[in-house]
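Next come the chains, spelled out residue by residue.
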Amino acid sequence: MKFYLGTNWKMHRTNTEAVHYITEFLPLLREQDLSRHYLFVIPSFTSLQLVRNAVTEAAVPLKVGAQNVHWEDGVEATGEISVRILADIPVDLVEIGHSERRQKFGETDLEVNRKARAVLGHGLSALICVGENGAEKEKGIGSQALERQVRSGLDCIPPGDLSRVMLAYEPTWAIGVVGKPADPTYVQEKHAAIRETLNNMYSVEIAAEVPLLYGGSVNRLNFRSYAEIAHVDGLFVGRAAWNPQSFLELIGMSRAFV
Ligand code: PGA
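All of the points below concern the structure found in this document. (Residues numbered from 1 in each chain as written. Predicted model: local features only at pLDDT ≥ 70, side-chain atom pairs only at ≥ 80, totals over all residues. Heavy atoms only, no water.)

The biggest cluster of nonpolar side chains holds 73 residues, and the ones touching the most others in it are Leu 5, Tyr 214 and Leu 235. By residue number, the principal contributor to this core is helix α1 (residues 15-30), which donates 7 residues. Those residues within four positions of Leu 235 in sequence are excluded, and the remaining contacts are Phe 3, Tyr 4, Leu 5, Gly 6, Leu 213, Tyr 214, Val 218, Phe 223, Tyr 226 and Ala 227. Counting 11 residues, the second largest nonpolar core, distinct from the first, contains Tyr 38, Leu 127, Cys 129 and Met 166. (Core = buried A, V, L, I, M, F, W, Y, C linked by side-chain atoms within 4.5 Å. Buried < 20%, exposed > 50% of the residue type's maximum accessible area, 1.4 Å probe, protein only. Helix = DSSP H or I, 4+ residues; strand = E, 2+ residues; numbered from the N terminus. Contact = heavy atoms within 4.5 Å.)

We now examine the site of the ligand. In the neighbourhood of the ligand, the contacting residues comprise Lys 10, His 98, Glu 170, Ile 175, Gly 176, Gly 216, Ser 217, Gly 238 and Arg 239. Glu 170 places a side-chain nitrogen or oxygen 2.6 Å from an oxygen atom of the ligand. Here an oxygen atom of the ligand sits 2.8 Å away from a polar atom, N or O, in the main chain of Ser 217. For the ligand, whose accessible area on its own is 280 Å², the fraction buried by protein is 99%. Classifying every residue of the shell around the ligand gives 1 nonpolar, 5 polar and 3 charged. (Near = heavy atom within 4 Å. Polar contact = N/O pair within 3.5 Å; in protein donor to acceptor, adjacent residues only side chain to side chain. Areas by Shrake-Rupley, 256 points an atom, 1.4 Å probe, with all protein chains shown as cover. Nonpolar A, V, L, I, M, F, W, Y, C, P; charged D, E, K, R; others polar.)

For the rest of this paragraph, the subject is helix α8 (residues 184-201). The first and last C-alpha atoms of α8 sit 26 Å apart over 18 residues, in line with the 26 Å expected at 1.5 Å per residue. Within the sequence span of α8, burial applies to Tyr 186, Val 187, Lys 190, His 191, Ile 194, Arg 195, Thr 197, Leu 198 and Asn 199. Measuring from the backbone nitrogen of Thr 185 back to the side-chain oxygen at the start of α8 gives 2.9 Å, which picks out Asp 183 as the cap. (Expected span 1.5 Å × (residues − 1).)

To continue, consider the pattern of salt bridges. A full pass over the atoms with the stated rule returns 12 salt bridges. One salt bridge connects Asp 92 with Arg 52, and the closest N-O pair in it is separated by 3.1 Å. Of this pair, Asp 92 sits in the loop between α3 (83-88) and β4 (93-96) while Arg 52 is found in helix α2 (residues 48-58), placing the two residues 40 residues apart along the sequence. Of the charged contacts in the structure, one is a salt bridge between Asp 109 and Arg 148, with a shortest N-O distance of 2.6 Å. Of the two residues, Asp 109 sits in helix α5 (residues 109-121) while Arg 148 sits in helix α7 (residues 142-153), which places them 39 residues apart along the sequence. For Asp 109, a relative accessible area of 15% puts it in the buried group. In the salt-bridge network here, residues are joined through shared partners; they are Arg 101, Glu 107 and Lys 115. (Salt bridge = Lys/Arg side-chain N within 4 Å of Asp/Glu carboxyl O.)

Structure below.
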């Protein structure tokens, strides 16, 4: 399997800033052998087209993703973006169920599933985020919460679509400036549990097609400790890749794992 590595810009880049980032980053990528990587960047909706155009023009293997989507199309839903709109850009993948969306915008397991089905139905890839929150961890029900999110997120998704699904395990309490980096042993346990859930839902062979990414305060200092874990197929990075040079450094570190 390739090494998966990507960053979500969240609500952090204007179009001007996106141009600066991409203008510096794409030439750096051209010098890299990325044949064993699946690299991605997830800008704001407003910067998707310009990032897409720049990536296509530079002909570098960088996937472009959207941070969210609505599962319906052509309905009265002011302020929402449908898969059809995203597919026309076109984006390669859509991130679904990030913990900030679940926590700040009340996104439910059912909505995550609807979005995943819509994205896969249009032939795009879905990056589904799962992760227990601090209270669930404290109560010792983190694994149950994870299993529930994986099972409901993938409900009714046929085995044939699984090759376009990526799962990111991101414990809510480990994300962002107030996040506390997770212990690698803990991450290993949870990734093994997710893999087991997938094996039980599908066959072992089909489940093996789904890359499991880890995310939450990943940085240059702890990168290796997460990347070397069995069942960690890649890393999903926020802050530590918001600078092109830092992202490039992480790509360099990931070479030991491809
Ligand atoms: P962080 O964000 O790396 O800045 O903690 C991770 C994420 O939200 O995916």
